[in-house]
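# Residue-level structural notes
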Amino acid sequence: MRLFECGTLVPGCTWHTRAKDDAEVVRRAVEHMRDAHGETIVRENMIDNIKARIRDEANAA
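Here is what the cut-offs are and how they apply
- Residues numbered from 1 in each chain as written.
- Predicted model: local features only at pLDDT ≥ 70, side-chain atom pairs only at ≥ 80, totals over all residues.
- Heavy atoms only, no water.
- Helix = DSSP H or I, 4+ residues; strand = E, 2+ residues; numbered from the N terminus.
- Buried < 20%, exposed > 50% of the residue type's maximum accessible area, 1.4 Å probe, protein only.
- Pairing = 2+ DSSP bridges.
- Axes fitted to C-alpha atoms, helices over the stretch in contact; angles between N-to-C directions.
- Parallel < 35°, antiparallel > 145°, perpendicular 65-115°, else oblique.
- Left-handed = near helix turned anticlockwise from the far one by under 90°.
- Contact = heavy atoms within 4.5 Å.
- Nonpolar A, V, L, I, M, F, W, Y, C, P; charged D, E, K, R; others polar.
- Core = buried A, V, L, I, M, F, W, Y, C linked by side-chain atoms within 4.5 Å.
- Salt bridge = Lys/Arg side-chain N within 4 Å of Asp/Glu carboxyl O.

### So, the overall build of the protein chain
- A count of helices and strands for the protein chain gives two helices and three strands.
- Along the protein chain, from the amino end to the carboxyl end, the secondary structure elements read β-β-α-α-β.
- Each principal axis of the C-alpha distribution contributes one length, and for the protein chain these read about 30 × 25 × 15 Å.
- Looking at the protein chain residue by residue over its 61 residues, the buried ones come to 30%.

Below, the structure is given as structure tokens:
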């Protein structure tokens, strides 16, 4: 499973998601950014930042 923890991008946020593939993790993370953090425009660099913080759940500390 792949894991994204929002707190690695937005300090203090405890939201996280996991899915089998990165595309689904990114989709969920973008939805979260819109709903929880008020991001009305999700730019390419935001997607890149999300992708850079996705990791294998087995390697999560």
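### Here we look at the pairing of strand β1 (residues 2-5)
- Looking at chain direction, β1 and strand β2 (residues 16-19) are connected through four bridges and run antiparallel. In the strand pairing of β2, Leu-3 is matched with Arg-18.
- Pairing geometry for β1 and strand β3 (residues 55-56), over two bridges, is antiparallel. Note on β3: the bridge partner recorded for Leu-3 is Arg-55.

### Let's talk about the packing of helix α1 (residues 22-37) against helix α2 (residues 44-52)
- At a minimum axis distance of 10 Å, the contact between α1 and α2 shows a crossing angle of 125 degrees. In terms of their interaxial angle, α1 and α2 are classed as oblique. When the axes of α1 and α2 are compared, the crossing they make is right-handed. On α2, the residues that touch Val-26, Ala-29, Val-30 and Met-33 of α1 are Met-46, Ile-47, Ile-50 and Lys-51.
- Grouping the constituent residues of the contact of α1 with α2 by class yields seven nonpolar, no polar and one charged.

### Quick notes on the nonpolar core
- One finds Phe-4, Leu-9, Val-26, Met-33, Ile-50 and Ile-54 to be the most contacted residues of the largest nonpolar core, which totals 14 residues.
- Of all the secondary-structure elements, those providing two or more residues to this core are α1 and α2.
- Residue contributions to this core peak at five residues, all from α1.

### What to know about the pattern of salt bridges
- Taken as a whole and judged by the stated rule, the model has seven salt bridges.
- Between Asp-22 and Arg-2 there is a salt bridge whose closest N-O contact spans 2.6 Å. Highlighted residues: Asp-22 in helix α1 and Arg-2 in strand β1, separated in sequence by 20 residues.
- Exposure remark for Asp-22: the relative accessible area of 31% places this residue in the partly exposed category.
- Between Glu-5 and Arg-55 there is a salt bridge, with its nearest N and O atoms 2.7 Å apart. Linking Glu-5 in strand β1 with Arg-55 in strand β3, this pair joins segments that are 50 residues apart in sequence.
- Within this structure, Glu-24, Arg-27, Arg-28 and Glu-31 form a network of salt bridges that share partners.

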